[in-house]
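Residue-level structure breakdown
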Amino acid sequence: VQLQASGRGLVQAGGFLRLSCAASGSIFSINTMGWYRQAPGKQRELVATITSGGTTNYVDSVKGRFTISRDNGKSTVYLQMNSLKAEDTAVYYCKIGILTITRARYDYWGQGTLVTVSS
């Protein structure tokens, strides 16, 4: 199984950016999908998750600004980021819980995509 993230970029404060992360390979089903981020000098933190049933969860700092969604047919998770702030600058990682065709369960991480917000 491989994850391919895209959407890195440099944006001005107040701008927007959309990240996507697509899974491919020997996938039987996909469970919870999520986005995490790690700012310079800080620990990785949860940004948002979405379950297979569509239930979403967000860290307080992004509520009302970020939206997580998924396309099960494309095995892809998205993060729409609006009203970006300088403090959103970080490397963003997707994490996808996958049940493989051999019925093994794993959490897979994307390679990380850099988002830089200039103030």
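Please refer to the structure higher up on the page.
Residues numbered from 1 in each chain as written. Predicted model: local features only at pLDDT ≥ 70, side-chain atom pairs only at ≥ 80, totals over all residues. Heavy atoms only, no water.

Turning to the sheet that holds strand 3 (residues 17–24), a few remarks are in order. Read from one edge to the other, the open sheet built from 4 strands follows the order 1-3-8-7, with strand pairing classed as antiparallel. At either end of the open sheet lies a strand with only one pairing partner, and these are strand 1 (2–6) and strand 7 (66–71). Within this sheet the neighbouring strands show an average axis-to-axis angle of 15°, counted without direction. Summarising the sheet, strand 7 and strand 8 (residues 76–81) pair through 6 bridges and their orientation is antiparallel. By the bridge assignment for strand 8, Asp71 is matched with Thr76. (Pairing = 2+ DSSP bridges. Helix = DSSP H or I, 4+ residues; strand = E, 2+ residues; numbered from the N terminus. Axes fitted to C-alpha atoms, helices over the stretch in contact; angles between N-to-C directions.)

Moving on to the pattern of salt bridges. For the coordinates displayed, the defined rule picks out 4 salt bridges. A salt bridge links Asp88 to Arg37; the shortest N-O distance between them is 3.0 Å. Residue Asp88 is located in the loop between strand 8 and strand 9 (90–100), and its partner Arg37 is located in strand 4 (residues 27–38); the two are separated by 51 residues in the primary sequence. The pair formed by Asp88 and Arg37 is uniform in burial state, with each residue classed as buried. As a salt-bridge pair, Asp88 and Arg65 come within 2.7 Å of each other at their nearest N and O atoms. With Asp88 in the loop between strand 8 and strand 9 and Arg65 in the loop between strand 6 (56–58) and strand 7, the pair connects residues that are 23 residues apart, well separated along the chain. Residue Asp88 is classed as buried on the basis of its relative accessible area, which comes to 0%. With relative accessibility at 10%, the residue Arg65 sits in the buried group. (Salt bridge = Lys/Arg side-chain N within 4 Å of Asp/Glu carboxyl O. Buried < 20%, exposed > 50% of the residue type's maximum accessible area, 1.4 Å probe, protein only.)

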